[in-house]
Amino acid sequence: MRKLLLSWTFLGVALALGIWSTIALDYDQNKVVLYFLLPYFALATLMQYVWPEQPNQFESGEVWTDILNNAALLGITALQGAIVHWMAAGGNGLLFQWGWLPESFAAHHLPMWGQVLVAWLVFDFMFYATHRIAHEVDFFWRFHSVHHSANRLSFMNASRVHPIDIIWRRLVPLFVAFQTGVSPEAMIMANTIGATLAVITHMNVDFRFGVLNYVFGSNEVHRWHHSNKIEEAKNFSVVMIWDHLFGTFVYKPQGQERPAKMGLFNELYYPRHNFWGQLLIPFTWKRWKARQAAAAQDAVPTEPVFSETLPAQRVAGDDGKPLTA
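This one's a predicted model, so the numbers in the text were calculated from it and none came from an experiment.

Colleague: Can you break down a nonpolar patch on the surface residue by residue, with the values?
Modeller: Together, Tyr49, Phe58, Val63, Trp64 and Ile67 give the surface a local cluster of nonpolar side chains, amounting to about 530 Å² of exposed area. Its place among the elements puts Ile67 in helix H3 (residues 62-79).

Colleague: Give a description of the layout of surface pockets that names residues and reports values.
Modeller: Here the largest pocket defines a volume of roughly 1,900 Å³. Taken together, 50 residues make up the lining of the largest pocket; nearest its centre are Leu73, Thr77, Arg170, Asn191 and Ala195. Broken down by secondary-structure element, the contributors of at least two residues to the lining of the largest pocket are helix H2 (29-50), H3, helix H4 (81-88), helix H6 (112-136), helix H8 (163-178) and helix H9 (184-202). With 11 residues, H9 is the largest single contributor of residues to the lining of the largest pocket.

Colleague: Can you tell me about H8, naming the residues and giving the values?
Modeller: Taking 1.5 Å per residue as the helical rise, H8 with its 16 residues ought to reach 22 Å, and the 22 Å between its terminal C-alpha atoms agrees with that figure. Turning to H8, its buried residues number three or more, namely Asp165, Ile166, Trp168, Arg169, Leu171, Pro173, Leu174, Ala177 and Phe178. Residues of H8 that are buried sit in contact with H3, H4, H6, helix H7 (138-144) and H9.

Colleague: Any details on the environment of Pro163? Residues and values, ideally.
Modeller: Topologically, Pro163 is positioned in helix H8. Looking at Pro163, the relative accessible area reads 22%, which means it is partly exposed. Placed 87 residues apart in sequence, Pro163 and Ile76 show a C-alpha to C-alpha distance of 7.2 Å.

Colleague: Lay out empty space enclosed by the protein with the relevant residues and their values.
Modeller: Unoccupied space between atoms shows up once a probe the size of one water molecule is rolled over them. Across all of its chains, the model carries two cavities of 30 Å³ or more by this definition. In the lining of the largest cavity, the residues fall into three nonpolar, three polar and four charged. Put simply, the second largest cavity is a space of about 40 Å³. What lines the second largest cavity is simply Asn69, Ala72, Leu73, Ile76, Ser159, Val161, Pro163 and Phe275.

Colleague: So what about the pattern of salt bridges? Which residues, and what values?
Modeller: Pairing between side chains becomes possible if they bear opposite charge and their charged atoms approach one another. As enumerated under the stated definition, the model contains 13 salt bridges in all. Close ionic contact of Glu136 with Arg132 constitutes a salt bridge, the shortest N to O distance being 2.9 Å. A residue pair is termed a helical-turn pair when its members lie 3 or 4 positions apart in one helix, as Glu136 and Arg132 do in helix H6 at four residues. The class for Arg132 is partly exposed, based on a relative accessible area of 25%. Here the salt bridges do not stand alone but share partners, grouping Glu59, Lys261, Glu267 and Arg272 into one network.

Colleague: Tell me about the packing of aromatic side chains, and name the residues and values.
Modeller: To describe a pair of aromatic rings, you give the distance between the ring centres and the angle between the ring planes. Within this structure, the stated rule accounts for 24 aromatic pairs. Their ring planes at 25° and their centres at 6.3 Å tell us that Phe10 and Tyr40 sit as a pair that is stacked. With Phe10 in helix H1 (residues 2-24) and Tyr40 in helix H2, the pair connects residues that are 30 residues apart, well separated along the chain. One aromatic cluster is present, formed by Phe10, Phe36, Tyr40, Trp51, Phe207, Phe209 and Phe216 through successive ring pairs. Arg291 extends its terminal NZ or CZ atom over the ring of Tyr269, reaching a point 3.8 Å from the ring centre.

Colleague: An account of the nonpolar core is requested, with residue identities and associated values reported.
Modeller: The biggest cluster of nonpolar side chains holds 36 residues, and the ones touching the most others in it are Ile200, Met203 and Phe207. Of all the secondary structure elements, the ones that give two or more residues to this core are H1, H2, H6, H8 and H9. Not counting the four nearest positions on each side in its chain, Phe207 is found in contact with Ser7, Phe10, Met47, Trp51, Ile200, Asn219 and Glu220. Core analysis: the next-biggest nonpolar cluster, separate from the first, contains seven residues, Trp141, Leu264, Trp285 and Trp288 among them.

Colleague: Summarise H9; cite the residues concerned and give the values.
Modeller: For the α-helix, the turn length of 3.6 residues means that residues three or four positions removed from each other point alike. Helix length check: H9 (19 residues) gives 28 Å between terminal C-alpha atoms against 27 Å at 1.5 Å per residue, within 8%. Buried residues dominate H9, accounting for 14 of its 19 residues.

Cut-offs and rules
Sequence order as written defines the numbering, with residues in each chain counted from 1. Where local features are concerned, this predicted model is filtered to residues with pLDDT of at least 70; where side-chain atom pairs are given and counted, the filter is 80 or more; whole-chain, interface and lining totals use all residues. No hydrogens and no water enter the side-chain calculation; it runs on all heavy atoms of the structure. Exposure above 30% relative accessible area and no salt bridge define the residues that can form patches, which grow by joining like charges within 9 Å and nonpolar side chains of Val, Leu, Ile, Met, Phe, Trp and Tyr within 5 Å. Where accessible areas are quoted, they stem from the Shrake-Rupley method and a 1.4 Å probe; at the residue level, only the protein chains shown are allowed to cover. Criterion for a salt bridge: a side-chain nitrogen of Lys or Arg within 4 Å of a carboxyl oxygen of Asp or Glu. Strands here are runs of E lasting at least two residues and helices are runs of H or I lasting at least four, both read from the DSSP assignment and numbered beginning at the N terminus. Within this scheme a cavity is a closed region of a 1 Å grid, computed over the protein atoms alone, that accommodates a 1.4 Å probe without allowing it to escape, whereas a pocket is open but has protein on both sides within 12 Å along at least five of seven lines; lining residues each have an atom within 4 Å of a point. Grid points are joined across faces, edges and corners, and a volume is the space filled by probe spheres set on the points. Between the first and last residue of a helix there are one fewer steps than residues, each counted as 1.5 Å, and that sum is the expected span. Any residue under 20% of the maximum accessible area for its type is buried, any over 50% is exposed, and the rest in between are partly exposed; the area is computed with a 1.4 Å probe on protein chains only. Whether two residues are in contact is decided by their heavy atoms: any pair within 4.5 Å suffices. As a working rule, the residues Ala, Val, Leu, Ile, Met, Phe, Trp, Tyr, Cys and Pro are called nonpolar, Asp, Glu, Lys and Arg charged, and the rest polar, with Gly in that last group. Working definition: rings of Phe, Tyr and Trp (its six-membered ring) pair if their centres are within 6.5 Å, and the pair is stacked with planes under 30 degrees apart, edge-to-face with planes over 60 apart, and tilted otherwise. Each ring is checked for a lysine NZ or an arginine CZ that lies within 6 Å of its centre and within 35 degrees of its normal; such an atom marks a charge sitting over the ring. To qualify as a nonpolar core, a set must consist of buried Ala, Val, Leu, Ile, Met, Phe, Trp, Tyr and Cys residues joined through side-chain atoms within 4.5 Å.

Interpretation note: all reported values are geometric properties and have no functional meaning in isolation.
This is the structure in structure tokens:
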């Protein structure tokens, strides 16, 4: 019960501070990042050492790979700024701008809480769709596999992503959400709420959320998404409504508290803790798979194969009795 109360308190305070900060900072995205999200990220990192769910045991190259990935993600986010600015201005509600839908249907006519709800749910649905595609379509999995190359959850490896993977899985949901006609302020608030919850999904902290695990993708739920068993690697959204609706919700199968192993389904020769190797892996995929196949073939001893044997021809078996080939 104590862990449950602490976990719920952390979640509630984090969301309340995120919402208050966004309003107090006049919906300025840059200030929200600087004065709320960055301190929140620092706290998330610190809590992994104060209240860890799993021991903080790092593999060779793991920390450096995660540092490079976090730095790269900051750069990608900065470069995407111009595109996001266009979405918020000229690219917002294009169907209404072009007269294909009545302007009165645009979401910005709703009260702020309604706009935030629309922006949040539409973004999260598209996040679910693109995330599921990234797992089920081989071309996209080649890029998304980078995110699953760690064998444990950590706030630091939440940013372990291939640039192409994160660009399309971020911009597509954002573009679709903006087409509802929500105000830029509502989108910024929805982004703050979504980012606050998304941080928790990867935190190596011994949280206990109880019934809330059926509502949002906490770290207790998200660890199953990182299972190396395909049938367990689901839970694609942050708001669990989509996984419930489409039958992809997984939580404590067979009563297990956590997956037997997290990581890739077959990580032999995969550059798990090699930043540059991960950047190249989608483009060297066939070579990597061929190397795996060759290793698997070499590992299996071959038996003599008798082919084109005449029907009347007989060979002796181990028991000395003749066998018809």
